[in-house]
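Commentary on secondary and tertiary structure
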Amino acid sequence: MRSPENRNNEAQEQETRYDAVVVLGAVMEWNSKRKRWDFPSIIERYPGKLVEGKARAIAASEIEAETPLLLVTGGSDKNPETGEVVSRAEELAKLISGRYGVPTEKVVPMGLQKDSHTLGNVENVISYLEEHPTMLRSKEIGILVPRFQCARAKLMFESNPYFQENGITLEWIIVEDVLENRDPRYKKWVERLYSTPQAEINQQMEQRGIKDLQRGKYKPQESQ
């Protein structure tokens, strides 16, 4: 099997925009009828309510030509029927490649069954880049993230000195913007989603999280 570096070098010959795009993972939900993991827009059991898992996968498939690698982060969820702990990153990677046609060799799940929060995702990304230094050629990394999560995730990534110290530029790619560019009808979907009571709950939680980060009092919880 080709190494990530080799895949990256081959794809870079096609002048891709990013060295890699990080797809921030999402909480998933077990579908007991279909016996599979689903990635809906809202998960009621999750305190933050909004997750937009499937939307992330669709957006990733739309921008895959701009990068040699999609690095999919995520922690884990427990199957309520079997008790099995399952990697969100692996399941989302399967969705991106299996349903939306991105070549499997371009989709790399990372973090696997640990660090089920955005701060953990940051550390997982840094660890991967440190382990594969030759993949950094243009030193531009895209971060694919839903609009509701962007401000908090941006604070977490950009407050880590690793990126600036290594001259790595982070470009924030908003899931909803990608979808609306794909099909204007997504704009109505976005408007409906963000007008729900669950979106209001999410906004309040995100604002609290940002304030806690700025005060140095942030405590990670199970999240996207």
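Scroll up a little and you will see the structure.
Here we summarise the structure given alongside this text. (Residues numbered from 1 in each chain as written. Predicted model: local features only at pLDDT ≥ 70, side-chain atom pairs only at ≥ 80, totals over all residues. Heavy atoms only, no water.)

Notes on the environment of E105
Considering the arrangement of structural elements, one finds E105 in the loop between α3 (88-99) and β7 (107-109). Residue classification places E105 among the partly exposed residues on the basis of a relative accessible area of 35%. Considering only alpha carbons, one finds E105 and L70, 35 residues apart in sequence, at a separation of 9.3 Å. (Helix = DSSP H or I, 4+ residues; strand = E, 2+ residues; numbered from the N terminus. Buried < 20%, exposed > 50% of the residue type's maximum accessible area, 1.4 Å probe, protein only.)

As for the packing of aromatic side chains
Under the definition given, this model contains five aromatic pairs. On the numbers, 5.3 Å between centres and 65 degrees between planes, the contact of W30 with W37 is edge-to-face. Neither W30 nor W37 differs from the other in exposure class; each is buried. Each member of the aromatic cluster is reached from another via a ring pair, and the members are F157, Y162, F163 and W172. (Phe/Tyr/Trp six-rings, centres within 6.5 Å; stacked < 30°, edge-to-face > 60°.)

Focus: the packing of helix α2 (residues 53-63) against α3
The N-to-C vectors of α2 and α3 enclose an angle of 50 degrees; their axes lie 9 Å apart at closest approach. Comparing the axis directions of α2 and α3 gives the class oblique. Taken as a pair, α2 and α3 cross one another with a handedness that is right-handed. Here G53, K54, A57 and A60 of α2 come into contact with α3, specifically with L92, L95, I96 and R99. (Axes fitted to C-alpha atoms, helices over the stretch in contact; angles between N-to-C directions. Parallel < 35°, antiparallel > 145°, perpendicular 65-115°, else oblique. Left-handed = near helix turned anticlockwise from the far one by under 90°. Contact = heavy atoms within 4.5 Å.)

A closer look at the pairing of strand β8 (residues 140-145)
Counting buried positions along β8 gives five out of six residues, so the element sits mostly inside the fold. Across four bridges, the pairing between strand β1 (residues 20-23) and β8 is parallel. The residue of β8 that forms the bridge with A20 is I141. As paired strands, β8 and strand β9 (residues 169-174) are joined by six bridges and run parallel to one another. Pairing of E140 across the sheet is with T169, part of β9. (Pairing = 2+ DSSP bridges.)

Some words on the nonpolar core
By size, the foremost hydrophobic cluster in this structure holds 34 residues, and its most contacted members are L70, V72, L92, I96 and L144. Of all the secondary structure elements, the ones that give two or more residues to this core are β1, α2, β4 (70-72), α3 and α7 (175-182). With six residues, the single largest contributor to this core is α2. Ranked by size, the runner-up nonpolar core spans 28 residues in total, among them I126, V145, I168 and Y218. (Core = buried A, V, L, I, M, F, W, Y, C linked by side-chain atoms within 4.5 Å.)

Examining the pairing of β1
In β1, alternate side chains face the same way, and those of A20 and V22 on one face and V21 and V23 on the other are all buried. Of the strand pairs in this sheet, β1 and β4 are connected by three bridges, and their pairing is parallel. In the sheet register, V23 faces β4, and the bridge partner there is V72.

A closer look at the environment of A153
One can find A153 in helix α5 (residues 147-158). Separated by 10 residues in sequence, A153 and I143 place their C-alpha atoms 9.3 Å apart. When near neighbours in sequence (up to four residues on either side) are disregarded, A153 contacts L24, T118, V145 and W172.

Remarks on helix α9 (residues 197-215)
Over its 19 residues, α9 extends 28 Å from the first C-alpha to the last, a length consistent with the 27 Å expected when each residue adds 1.5 Å. Buried within α9 we find Q198, A199, N202, E206, G209 and I210. Each buried residue of α9 sits inside an arc of 105 degrees when the element is viewed along its axis, so together they form one side. What points out from α9, more than 90 degrees from its buried face, is the exposed set P197 and R215. Backbone geometry just downstream of α9 places G216 in the positive-phi region, at approximately 75 degrees. (Expected span 1.5 Å × (residues − 1). Arc of directions from axis to C-beta.)

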